[in-house]
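# Structural characterization, general
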Amino acid sequence: MYYKIALSNVKKSFKDYAIYFLTLSFAVCIFYSFNSIEAQKAFIELGKSQNKIMQSMMSIIDIVSVFVSIILGCLIIYANNFLIKKRKKEFGIYFTLGMPKKKISIILFMETFLVGILSLVAGLAIGIFISQGLSAFTIKMFQIDMSAYKFVFSIKALIKTSLYFAIIFILVIIFNSFMISKYKLIDMINASRKNEEMKIKKNAVSFIIFILGIAFIATECYLVKITGRDMQSKNLKIAAALAIISIFLIFYGLSGLCINLIKKNRKVYFKNLNIFVARQIYSKINTNFISMSIICIMLSLTVIVLSTGLSFKQILENSLRENTSFDASARMYIDNKTPVKSIEDAFKKMNVTFKDNVECRYLNVYGLNTPVEDIIGKYADDKKDVSDYKYTPAIRISDYNNMQKLRGEKTIDLKDNQVIVTSNHGTMSSAADKMVNSGDSIILRNEKFTIANKEVMHELYYTALVNYNYFTLIVPDKLADGCDVIESVVNMEYKGDKEKTEEEYVKLLRDITLSRNSYKLDGVYISGDTRERVIESNKGFYTTLLFVGVYLGIIFLLASAAVLALQQLSEASDSSERYVSLKRIGASKSMINKSIFIQILIYFIFPLILSIVHSVIAILYISDYLNSFGKGYILPSALFTAGVIILIYGGYFYVTYNGYKAVVKGYNHN
């Protein structure tokens, strides 16, 4: 009997369950998709090191999935609470007819079970297809041959998804039983008659609070601007705190300010149903300003994570092309305390010898006694970027041409009064571009030199994991005479069986870097990388970063849109009698629908607009910081983020609008 009642309730309340069902299905789909990536057969083609990267990425996704499940659990309980509150009167009737609360809980359990099973099946069905696209995207990220791609179904992801959501539904059932046991009969019967008291804040108070929020945003912008690229600065922490506080202040002051401003404009206030819409919006923002502020913060995080995550990936990809000029490289930093003054001498003391399977070239970087700031300071946007360099790194043209020959490129002719400017560091490179374009000459060791290149050479003179060429000059050999060596490098190109040689030199460079075995020399530190290791490490890092960012971003967006939708649908149930009254006094269907549309649009758009304001401030700062590691473009990331927001946020807006109209229409028919 109880099963039939539960099934009948689900069918009868299908429209009420629409948002709940959509949220559950979407959550299951996302959860399954991201946890099923490793099942793709194409990943068998990965090498050993890439397999480790893939395993590390899945381990991180496993950890993030626990956090995601907590967010989804809270969201589902919140959505379930909306349904219970909406059906208080129905439960009161059951209770009046003699049904004990325990039996009502059983009916709710069955309803939750039915909706949960349907959502799980629908979400998995969609997730299976979404996961194929996600797998194809991952294959592209790891640069695997697409011919190895297969349509797959992950049993492991299915079990994991089912288990996590089973735990969530158990918590929902416990929550339902607790809520039913807490309700009193009088509250259930009179649930639809309870109206919240609306106290309109004074205009002056609302205005002051709102302006204070705007002032906090202005202060946030100022602090971010003066901070520069110091990610450890206290200014950034203060700016983040001000951003959060400003959101709460603006939403708290916004409702009272808007209604008071609209009331002053009588033409607008008394036009159509604006007086009704204004009070509806005020009532909900005034009541839910805390939840709307939290939603705004989540939306800000979504926009920031999605936009900067993709931009960071692009910067690293561009950096890879510049940072992997040679098959392998080793480098040694040198100061006054270093016992040997070149990497070649260090290798001799370590008894490191290179076989015939590699061709080597040595290169020294000299420190000219002219500070970088004296050369490029006037072209830099921020003097802090160049003030730390007390000397100017320089490479002899003969050493540079040897490197060119090693990588099979043309050598460069350089006159005795010329230098070449190189930099692949974003901020320094920008200043260097200005210097090169200016046509100015520079003074080095009391001699005047002109710049030979028309554009800055964005390259690194060795293979490395991180972008290190901040600013280096290629100079005539005689200019470096008598200068101290500050860095010494050896570059290698493989010959013959490259795969076998790669394995040999990966081990050698690792042993040298870790000072293993006989490769230990007091006061000397040498680090080395191979092209393959650099590429694989970068791909693994930015792929993991991107996946986690997209995963969390979509979950935050889903949660934000779902909470806004549920709040509006809850408001629809509470305000149904008001719409009946509007119809009785002559309001047409189109006027009522328009008022519903405006109300929901404003309710959805306010948090989004404010989140975009804060996101733009953060994105501009992060983008500028990331550009110090290489040039990237935010537009593709911004377009992708906009597309995701339109799809999910816009989809929830559309469903909420139609759901709201259905609730009002259903009440009118009753």
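Scroll up to find the structure this text is about.
Below is a summary of the structure that appears in this document. Fair warning: this is a prediction, and the values are worked out from it, not measured in the lab. (Residues numbered from 1 in each chain as written. Predicted model: local features only at pLDDT ≥ 70, side-chain atom pairs only at ≥ 80, totals over all residues. Heavy atoms only, no water.)

### Points about the overall build of the protein
What the protein contains, in helices and strands, is 20 helices and nine strands. Across the 670 residues that make up the protein, the buried fraction comes to 53%. Across the protein, every contact between residues at least 6 apart in sequence was considered, and the portion connecting residues at least 24 apart equals 84%. (Helix = DSSP H or I, 4+ residues; strand = E, 2+ residues; numbered from the N terminus. Buried < 20%, exposed > 50% of the residue type's maximum accessible area, 1.4 Å probe, protein only. Contact = heavy atoms within 4.5 Å.)

### With respect to the pairing of strand β7 (residues 472-475)
By the alternation rule, side chains of β7 split into T472 and I474 and L473 and V475, which are all buried. The pairing of strand β3 (residues 392-396) with β7 spans three bridges and is classified as parallel. In the strand pairing of β7, A394 is matched with L473. Looking at chain direction, strand β4 (residues 418-422) and β7 are connected through three bridges and run antiparallel. Each bridged residue has a counterpart across the sheet, and for I420 the counterpart in β7 is I474. (Pairing = 2+ DSSP bridges.)

### A few points about unusual backbone geometry
Here R445, not a glycine, exhibits a phi torsion of approximately 50°, which is positive. Assignment of secondary structure puts R445 in the loop between β5 (442-444) and β6 (447-451). Positive phi values are uncommon outside glycine, yet N446 reaches one of about 70°. In this structure, N446 sits in the loop between β5 and β6.

### Overview of the pattern of salt bridges
Using the criterion set out here, one finds 11 salt bridges in the structure. In this structure, E359 engages R361 in a salt bridge whose closest nitrogen and oxygen atoms are separated by 2.9 Å. Accessibility expressed as a relative area gives 31% for E359, which makes it partly exposed. On the basis of relative accessibility, which here comes to 25%, the residue R361 falls in the partly exposed class. Across the pair K507 and D511 runs a salt bridge, and its minimum N-O distance is 3.1 Å. Placement of both K507 and D511 in helix α16 (residues 498-513) is noted, with a separation of four residues, approximately one turn of the helix. Each member of the salt-bridge network shares a partner with another, and the members are D327, E493, K498 and R531. (Salt bridge = Lys/Arg side-chain N within 4 Å of Asp/Glu carboxyl O.)

### Observations concerning helix α12 (residues 343-350)
Listing the buried residues of α12 in full gives I343, A346, F347 and M350. Buried residues of α12, seen end-on, are gathered within an arc of 100° and therefore sit on one face of the element. Looking at α12, the residues exposed on the side facing more than 90 degrees away from the buried face are K348 and K349. Where the residues of α12 are buried, they touch β1 (328-333), β2 (358-368), β8 (484-494), α16 and β9 (526-530). Within two residues after α12, N351 carries a phi angle of roughly 65°, on the positive side. (Arc of directions from axis to C-beta.)

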